[in-house]
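What the coordinates show
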Amino acid sequence: MKPEKAVGEINGCLAAATNNHIDSILDPSSVDTLTTLVLSSGIYFKGRWEAPFAKAHTVVDKFHRLDGSTADVPFMCSVRSQYIAIRNGHKVLKLPYRSPAPAPRKGSSSESNVGDDPAPKYSMCIFLPDERDGLPGLVEKMSSGPGFWHYRLPTLQVPVGDFRLPKFKLSASGSVRQVLRNGMGINSVFVAGEADLADMAAKRDEDAAGTPLYVADVCHKAVLEVNEGGTVAIGATASYMLCGASAIMDQP
């Protein structure tokens, strides 16, 4: 195995899958000759708003941060009615995306056969706490149980006199190993001798036959951009696995 070549091929595949918004997920130090398998995946979503915002109406206004400071950021503005629900301690906004055009049924040129199956309907939902420091409490409510989401999304449009939504682009990357272990209780898969990944890969190296795999680390990178036209969301994940007979390496 040539680690640098393998890393280059993996990053190239993810760049192609994400329209070059994510050009790399691994660096050359992520894998070495002890790495047996790298499992990677990427997703690219580009959605246009059902009712786009006019760029000419975008204005700069104050955005309030959690630490109490403010920043001047561009806000998209609209006078249209919006899908908004008012709940206890927060509000919910639902921004529908334009549905993709349904594909015609194979073997037929008749327009009447287009759209036999309804196109999927997607929306972006934004939760806004009533208090400027209310985000931690809202996140705690969201993670308290699956019942939080029931009956909380808006179903009706309501008139809004002065509607403003900040434009933004954010990205996050790094290891999610500790989140999986400490936050979700996924432990044994990261421990040599305890992980059971026998159904994932068949050993081809006779010297390593019978030696089980375990996960060394899981890396994730995400990019999200929201503007007047819609949303671009990209995610990429890579997990690399070692033979259980090898020492567990410290990961950066």
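Above this text is the structure in question.
Described in the following lines is the structure provided in the data block. (Residues numbered from 1 in each chain as written. Predicted model: local features only at pLDDT ≥ 70, side-chain atom pairs only at ≥ 80, totals over all residues. Heavy atoms only, no water.)

Let us look at the overall build of the protein. Across its full length, the protein holds 3 helices and 11 strands. Sequence-ordered secondary structure for the protein, helices as α and strands as β, is α-β-β-β-β-β-β-α-β-β-β-α-β-β. Counting only residues that meet the buried cut, the protein has 30% of its 252 residues in that class. For the protein, the proportion of contacts with a sequence separation of at least 24, taken over those separated by at least 6, is 70%. Carbon and sulfur atoms provide 54% of the accessible area of the protein, an area that totals close to 16,000 Å². (Helix = DSSP H or I, 4+ residues; strand = E, 2+ residues; numbered from the N terminus. Buried < 20%, exposed > 50% of the residue type's maximum accessible area, 1.4 Å probe, protein only. Contact = heavy atoms within 4.5 Å. Areas by Shrake-Rupley, 256 points an atom, 1.4 Å probe, with all protein chains shown as cover.)

Another aspect to go through is a nonpolar patch on the surface. A cluster of nonpolar side chains, namely Leu66, Leu135 and Val139, defines an oily patch on the protein surface of about 250 Å² accessible area. If you trace the backbone, valine 139 turns up in helix H2 (residues 135–142). Residue classification places valine 139 among the partly exposed residues on the basis of a relative accessible area of 43%. (Patch = residues over 30% accessible without salt bridge, like charges linked within 9 Å, V, L, I, M, F, W, Y side chains within 5 Å. Salt bridge = Lys/Arg side-chain N within 4 Å of Asp/Glu carboxyl O.)

This part covers the nonpolar core. Grouped together as the largest cluster of nonpolar side chains are 15 residues, with contacts concentrated most on Ile25, Leu26 and Tyr240. Among the secondary structure elements, those contributing two or more residues to this core are helix H1 (3–17), strand S10 (213–226) and strand S11 (230–243). Among the elements that line this core, the one with the most residues is S11, at 5 residues. Setting aside its immediate chain neighbours within four residues, leucine 26 contacts Val7, Ile10, Asn11, Val38, Ala238 and Tyr240. (Core = buried A, V, L, I, M, F, W, Y, C linked by side-chain atoms within 4.5 Å.)

For aspartate 23, the position within the fold is in the loop between H1 and strand S1 (35–48). With residues up to four places along the chain from it excluded, the contact list for aspartate 23 reads Asn11 and Ala15. Of the polar contacts made by the side chain of aspartate 23, one reaches the side chain of serine 24; its length is 3.4 Å. (Polar contact = N/O pair within 3.5 Å; in protein donor to acceptor, adjacent residues only side chain to side chain.)

In this section: the sheet that holds strand S4 (residues 82–87). As summarised here, the arrangement of the 4 strands in space is S6-S5-S4-S7, forming an open sheet in which the pairing is antiparallel. Looking along the sheet, the strands with just one partner apiece sit at the ends: strand S6 (123–129) and strand S7 (157–158). The pairing of strand S5 (residues 90–96) with S6 spans 7 bridges and is classified as antiparallel. Paired with histidine 90 across the bridge in S6 is proline 129. Contacting S5 and S6, H2 runs over the sheet at an angle of about 125° to S6. (Pairing = 2+ DSSP bridges. Axes fitted to C-alpha atoms, helices over the stretch in contact; angles between N-to-C directions.)

Just distances and angles here, no functional claims.
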